[in-house]
Amino acid sequence: MAAAGDGPWLDDAAGRLVRPYTVSNGRTRPTTALDLLSQVMVTGATPLGYLGPEHTQALELCRAPVSVAEIAAQLKLPAAVTKVLLSDLVDCGALTTKPPEFHHNPTDRSLLEAVLDGLRRQL
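Quantities reported herein were computed from a predicted structural model and do not represent experimental measurements. (Residues numbered from 1 in each chain as written. Predicted model: local features only at pLDDT ≥ 70, side-chain atom pairs only at ≥ 80, totals over all residues. Heavy atoms only, no water.)

### Focus on the packing of helix α2 (residues 53–61) against helix α4 (residues 79–91)
To keep it simple, the criterion reads: The axes used here are C-alpha line fits, helices contributing only the stretch in contact, and every angle between their N-to-C directions lies in the interval 0 to 180 degrees. Think of it this way: any DSSP run of H or I at least four residues long counts as a helix, any run of E at least two long counts as a strand, and we number them from the N terminus. When describing relative orientation, an angle under 35 degrees is termed roughly parallel and one over 145 degrees roughly antiparallel, while 65 to 115 degrees is termed roughly perpendicular and anything else oblique. Here a residue-residue contact requires only that any non-hydrogen atoms of the pair lie within 4.5 Å. Classification convention: Asp, Glu, Lys, Arg as charged; Ala, Val, Leu, Ile, Met, Phe, Trp, Tyr, Cys, Pro as nonpolar; all other residues, Gly among them, as polar.
At a closest axis distance of 10 Å, the pairing of α2 and α4 adopts a crossing angle of 75 degrees. Taken together, α2 and α4 sit at an angle that is classed as roughly perpendicular. Here α2 contributes Glu-54, His-55, Ala-58 and Leu-59 to the contact with α4, which in turn contributes Leu-85, Leu-86, Asp-88 and Leu-89. Partitioning the contact of α2 with α4 into residue classes produces five nonpolar, one polar and two charged.

Written out as structure tokens, the structure is:
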């Protein structure tokens, strides 16, 4: 088993010993609207108040623009919990966020047909 200061508490057989909802203090909704493709980056401001180890890890991952999905994967936390953590950091001014940019209509029929054709070729 990992020591308390070694990041998330993990057990080789059991996995994470702290439940994800505990990391977000039981909160399930972020205060900031974040999409999985939203980009977040540190602002350089020092957050006031207590930060949990996951908050600190998230800040380290955000030194360059990175997506919410990538941070969730790196932290090994559900996206909903990651969004709560990141919104905490946005609220205290430590992170800035940028919504995803869509240069095309995601429901464009030709795009969907091309994706379907590609999937059929893979099968």
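Structure's up, so let's keep going.
### Let's talk about the side chain of Lys-83
Structurally, Lys-83 is set in helix α4. Setting aside residues up to four positions removed in sequence, Lys-83 forms contacts with Pro-30, Leu-34, Asp-35, Leu-36 and Val-68.

### Side note on the sheet that holds strand β3 (residues 39–42)
Using the following cut-off: At least two DSSP bridges between two strands are needed for those strands to be called paired.
On the basis of which strands lie adjacent, the open sheet formed by three strands has the order β4-β3-β5 and antiparallel pairing. Strand pairing shows two members of the sheet lacking a second neighbour, β4 (66–67) and β5 (95–98), which therefore form its edges. In this sheet, β5 lies alongside β3 in antiparallel orientation, the contact comprising four bridges. Across the sheet, the residue bridging to Met-41 is Thr-96, located in β5.

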